[in-house]
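One-letter residues, chain by chain:
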Amino acid sequence: SVETILVSEPVMAAMSSTITPQGILSVCEIGRNTFDELQLTGKSKFIYLHEIQDPGNAGTILRSADAMGIDAVITSPGSVDLYSPKVVRSTAGSLWHTPVFENVELATVLALGVQAFTLAAEASKSLKELKITKDCVAIFGNEARGLSTAQATSSIEQVKISMPGNAESLNLSAAATIVMYHL
């Protein structure tokens with residue numbers, strides 16, 4: 001039911017944004033979700049990406065969200081476009097399984113009354129101690145700046161990932177994956 005067109009390798013290379021195209025390319029319309037479509041079940045688990053810039057991180061987080069059964073991924077204004085070619089490729093197809101909501105202010109998400117938490121190196125509570133009691137959102141800040149103090153309101157609980165090794169920090173997508181596994 002889909003029109004297919006066979007093209008030469010030079011034509012495929014001209015149409016693709018990668019150096020070595022995979023041999024298949026699709027042109028399709030992107031269906032955009034509106035935030036009022038977000039469903040709360042009492043046990044919903046959401047990921048909120050605040051001003052995430054790296055397409056590889058965003059795609060890996062989407063792929064992990066799909067693997068861990070996260071109900072939706074939400075991005076703030078100023079975050080990478082989740083439908084950009086690099087993000088789409090790094091999701092390995094998971095973008096089509098997990099609902100995404102783009103350009104949503106953090107205050108709009110918090111207004112839902114969900115249990116909100118974020119990672120903070122200085123937090124006194126470990127992720128292992130976090131108890132989820134209702135719909136929740138895990139908030140991940142910008143790779144370099146995190147969340148500003150203005151955004152880290154008292155309604156957002158801070159937890160840390162205990163790291164007994166010598167590494168100073170984790171890559172954003174690795175930390176988000178650990179959190180999603182915990183959820």
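Predicted, not measured: the structure shown is a model, and the values here were computed from it.

K.L.:
Looking at this structure, how should I read the overall build of the chain?
P.N.:
Along its length, the chain carries five helices and six strands. Element order for the chain, N to C, with α for helix and β for strand: α-β-α-β-α-β-α-β-β-β-α. Structurally, the chain occupies a C-alpha span of about 60 × 40 × 25 Å along its principal axes. Restricting the contact set of the chain to residue pairs at least 6 apart, pairs at least 24 apart contribute 77%. Accessible area of the chain: about 10,800 Å², with a carbon and sulfur share of 53%. Charge centroids of the chain, computed over 12 positive and 18 negative side chains, lie 10 Å from each other.

K.L.:
Where do I start with the packing of aromatic side chains in this structure?
P.N.:
Given two aromatic rings, one states the distance between the centres and the angle between the planes to describe the pair. Taken as a whole, this structure holds two aromatic pairs when the rule is applied. Judged by centre distance (6.1 Å) and plane angle (90 degrees), the ring pair of Phe 35 and Phe 101 falls under edge-to-face. Placement of the pair is Phe 35 in the loop between α1 (9-15) and β1 (45-49) and Phe 101 in strand β3 (residues 100-101), with a sequence separation of 66 residues. Note on Phe 101: relative accessible area 4%, which makes it buried.

K.L.:
What's the story with the side chain of Asn 142 in this structure? I'm lost.
P.N.:
With respect to the helices and strands, the residue Asn 142 is situated in the loop between β5 (136-140) and β6 (156-159). A distance of 2.7 Å separates the side chain of Asn 142 from the backbone oxygen of Glu 51, its partner in a polar contact. Here Asn 142 is in contact with His 50, Glu 51, Ile 52 and Gln 53, once residues within four sequence places are set aside.

K.L.:
Even after reading the chapter, I still don't get the pairing of strand β4 (residues 115-119), so can you show me in this structure?
P.N.:
Within a regular beta strand, the side chains point alternately toward one face of the sheet and then the other, so they alternate between its two faces. Of all the five residues making up β4, four are buried; the element is thus mostly covered by neighbouring parts of the structure. In this sheet, β6 lies alongside β4 in parallel orientation, the contact comprising four bridges. Bridging from a neighbouring strand, Ala 116 pairs with Ile 156 of β6.

K.L.:
Just checking my understanding: could you explain the pattern of salt bridges for this structure?
P.N.:
Two side chains bearing opposite charge may form a pair once their charged atoms approach each other closely. Inspection of every chain in the model, using the stated rule, returns three salt bridges. We note a salt bridge from Arg 32 to Glu 102, for which the minimum N-O separation is 2.4 Å. Taken together, the residues span a long stretch of sequence, with Arg 32 in the loop between α1 and β1 and Glu 102 in the loop between β3 and α4 (106-110) at a distance of 70 residues. A relative accessible area of 47% places Arg 32 in the partly exposed class. For Arg 145, the salt bridge identified is with Glu 51, shortest N-O distance 2.8 Å. Taken together, the positions of Arg 145 in the loop between β5 and β6 and Glu 51 in the loop between β1 and α2 (55-67) put the pair 94 residues apart, joining distant regions of the chain. Using a relative accessible area of 57% as the deciding quantity, one classes Arg 145 as exposed.

K.L.:
Would you mind showing me how to read helix α5 (residues 172-182) here?
P.N.:
Since one α-helical turn is 3.6 residues long, residues separated by three or four positions face the same way. Regarding α5, the residues found buried are Leu 172, Ser 173, Ala 175, Ala 176, Val 179 and Met 180. Taken down its axis, α5 places every buried residue within 160 degrees of arc, on the same side. Summarising the contacts, the buried residues of α5 are in contact with β1, α2, β4 and β5.

K.L.:
Mind showing me how you'd approach a nonpolar patch on the surface here?
P.N.:
A cluster of nonpolar side chains, Ile 5, Val 7, Val 11, Met 15, Leu 25 and Val 27, forms an exposed patch at the surface whose accessible area comes to about 560 Å². Its location among the elements puts Met 15 in helix α1. The partly exposed category is assigned to Met 15, whose relative accessible area is 44%.

Calculation criteria
Residues numbered from 1 in each chain as written. Predicted model: local features only at pLDDT ≥ 70, side-chain atom pairs only at ≥ 80, totals over all residues. Heavy atoms only, no water. Helix = DSSP H or I, 4+ residues; strand = E, 2+ residues; numbered from the N terminus. Contact = heavy atoms within 4.5 Å. Areas by Shrake-Rupley, 256 points an atom, 1.4 Å probe, with all protein chains shown as cover. Lys, Arg positive; Asp, Glu negative; His and termini not counted. Charge placed at Lys NZ, Arg CZ, Asp CG, Glu CD. Phe/Tyr/Trp six-rings, centres within 6.5 Å; stacked < 30°, edge-to-face > 60°. Buried < 20%, exposed > 50% of the residue type's maximum accessible area, 1.4 Å probe, protein only. Polar contact = N/O pair within 3.5 Å; in protein donor to acceptor, adjacent residues only side chain to side chain. Pairing = 2+ DSSP bridges. Salt bridge = Lys/Arg side-chain N within 4 Å of Asp/Glu carboxyl O. Arc of directions from axis to C-beta. Patch = residues over 30% accessible without salt bridge, like charges linked within 9 Å, V, L, I, M, F, W, Y side chains within 5 Å.

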